[in-house]
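Report on the structure
Here are the chains, one letter per residue:
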Amino acid sequence: MSDFVRIPVGRGTPEGVNSAYVVPDSGVVIDPGPPTDSSWSALRDGIERTEISVQGIDHVLVTHWHADHAGLACRLADRANASIHLHEGDAHLVGDYTEARQRRLRRDASILGRWGVPERIREALLDRDAPSPLPDTYPVQAHEEGDRIAGIEVVHTPGHTKGHVSFATAETLFLGDVLLPTYTPNVGEATRASTIRWRRTSRRWSGSRPSQRAEPASQVTGRRWTWTRPSKQCENTTTSERKTRTT
Ligand SMILES: [Zn+2]
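Residues numbered from 1 in each chain as written. Predicted model: local features only at pLDDT ≥ 70, side-chain atom pairs only at ≥ 80, totals over all residues. Heavy atoms only, no water.

Some thoughts on the overall build of the chain
When you go through the chain residue by residue, the secondary structure sums to 8 helices and 12 strands. When each of the 247 residues of the chain is scored for burial, the buried share is 50%. In the chain, once contacts between residues fewer than 6 apart in sequence are set aside, the share between residues at least 24 apart is 66%. Just so you have it, the chain exposes about 12,000 Å², and 50% of that area is on carbon and sulfur atoms. (Helix = DSSP H or I, 4+ residues; strand = E, 2+ residues; numbered from the N terminus. Buried < 20%, exposed > 50% of the residue type's maximum accessible area, 1.4 Å probe, protein only. Contact = heavy atoms within 4.5 Å. Areas by Shrake-Rupley, 256 points an atom, 1.4 Å probe, with all protein chains shown as cover.)

Description of the coordination of the zinc ion
Within the first shell, the zinc ion binds the protein through H64 (NE2), H66 (ND1), H160 (NE2) and D177 (OD), at distances of 2.1 to 2.4 Å. Around the zinc ion, the 4 donor atoms are arranged such that angles at the metal cover 92 to 171 degrees; this shape is classified as irregular. For H160, a relative accessible area of 3% puts it in the buried group. (Donors = N, O, S within 2.8 Å, 3.2 Å for Na, K, Ca; no water. Tetrahedral: all angles 85-135°; square planar, octahedral: opposite > 155°, others 65-115°.)

As for unusual backbone geometry
The backbone of D31 sits at a positive phi, close to 50 degrees, despite the residue not being glycine. Considering the arrangement of structural elements, one finds D31 in the loop between β3 (28-30) and α1 (37-48). Judged by relative accessible area, which is 2%, D31 ranks as buried. Its identity as a non-glycine residue notwithstanding, A150 has a phi of 50 degrees, on the positive side. Inspection of the secondary structure assignment puts A150 in the loop between β7 (148-149) and β8 (152-156). Its relative accessible area of 38% is what places A150 among the partly exposed residues.

A word on the confidence of the model for the chain
Chain-level statistics for the chain give a pLDDT mean of 82 and a share of 73% at 70 or above. Note that pLDDT drops below 50 for residues 219-224; the model gives that stretch 13 contacts with residues more than four away or on any other chain. (pLDDT = per-residue confidence, 0-100.)

A look at helix α5 (residues 97-114)
Quick reminder: α-helices carry 3.6 residues per turn. Residues three or four places apart thus point the same way. Over its 18 residues, α5 extends 26 Å from the first C-alpha to the last, a length consistent with the 26 Å expected when each residue adds 1.5 Å. Along α5, the positions that sit buried rather than exposed are Y97, A100, R101, R104, L105 and L112. Burial along α5 is one-sided: seen end-on, the buried residues are contained in an arc of 135 degrees. Away from the buried face of α5 by more than 90 degrees, exposed residues E99, R106 and R114 are located. Looking at the buried side of α5, the elements it contacts are α4 (88-95) and α6 (119-127). After α5 finishes, the residue G116 shows a positive phi value of roughly 80 degrees. (Expected span 1.5 Å × (residues − 1). Arc of directions from axis to C-beta.)

Looking at the pattern of salt bridges
In this structure the tally under the stated criterion is 5 salt bridges. Residue D37 pairs with R75 through a salt bridge whose shortest N-O separation is 3.0 Å. With D37 in helix α1 and R75 in helix α3 (residues 73-80), this pair connects stretches of sequence that are 38 residues apart. On the basis of relative accessibility, which here comes to 27%, the residue R75 falls in the partly exposed class. In this structure, the salt-bridge partner of D108 is R107, at a minimum N-O distance of 2.9 Å. (Salt bridge = Lys/Arg side-chain N within 4 Å of Asp/Glu carboxyl O.)

Let's talk about the environment of A67
Residue position: A67 is located in helix α2 (residues 67-70). Classification of A67 by relative accessible area gives partly exposed; the value is 21%. Separated by 27 residues in sequence, A67 and V94 have C-alpha atoms that sit 8.9 Å apart. Non-local contacts of A67, meaning those with residues more than four positions away in its chain, are made with G33, P34, P35 and P133.

Thoughts on the packing of α4 against α5
Direction vectors running N to C along α4 and α5 enclose 100 degrees, while the axes themselves pass 5 Å from each other. Comparing the axis directions of α4 and α5 gives the class roughly perpendicular. Where α4 abuts α5, its residues H92, L93, V94 and G95 lie against Y97, A100 and R103. (Axes fitted to C-alpha atoms, helices over the stretch in contact; angles between N-to-C directions. Parallel < 35°, antiparallel > 145°, perpendicular 65-115°, else oblique.)

Observations concerning the nonpolar core
A general trend in soluble globular proteins is that nonpolar side chains are found buried together. By size, the foremost hydrophobic cluster in this structure holds 31 residues, and its most contacted members are L43, I47, I57, V60, L76 and I84. Of all elements in the fold, only β1 (5-13), β2 (16-23), α1, α3, β5 (83-87), α4 and α5 reach the threshold of two or more residues within this core. For this core, the element with the highest residue contribution is α3, accounting for 5 residues. Formed jointly, this core draws a minimum of three residues from each of two domains, domain 1 (5-91 + 137-246) and domain 2 (97-136). Each residue touching L43, except ones within four places of it in the same chain, is listed here: I7, V9, A20, V29, P32, L72 and L76. Judged by nonpolar contacts, the second largest core, of 12 residues, contains Y21, V28, L61 and V165. (Core = buried A, V, L, I, M, F, W, Y, C linked by side-chain atoms within 4.5 Å. Domains from an automatic or database assignment.)

In structure tokens form, the structure reads like this:
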């Protein structure tokens, strides 16, 4: 029997349907989902169908700062009186969301300007990020590799974001977005640094933790999607990234 319950919480990005995971024995929810009312209803109803209720949640674990994963973290933490946990590389991007968002928008505007994107299109692209999906600030606990939260291990798996982590129980690795079935955003030519981080993550997984199943946070068109060998998908992603670089 699984040590977790998967809850489909809606589509936050073109990458597919997001999944939240409840680990009832630990009072934990991993990646609560996008910041919409429909996702909140799906999450709340899904938790209530498990052996614990929303009030039984003590810890909200988030694999990375993107709003389709962290978007409901504060709402759930408020309702459950729970704490929020991210890796130290991403924690400030949720804890000080508004300031981080302003910095990100300025950076993106500058890059788009250098690429010669017309101002009208630049503004439309940047406006897509409004209104802000998270509170201006919120208390977040920052972690590093090897920390444990209610018995669940923090495994630093950067690449998709700098502070991306996976979470490990005895049986399962909860992957977040570090590995997606057809592509993994920010790996490839997005930035050199993100690709180098991804290669380290990929090497680390080759042959490691073979008895654990791996659960990604997103799911494509409603199909259940579980890898028994994440190292194989790492190889596929690395091969396709190399091809992109050489064409
Ligand atoms: Zn993401």
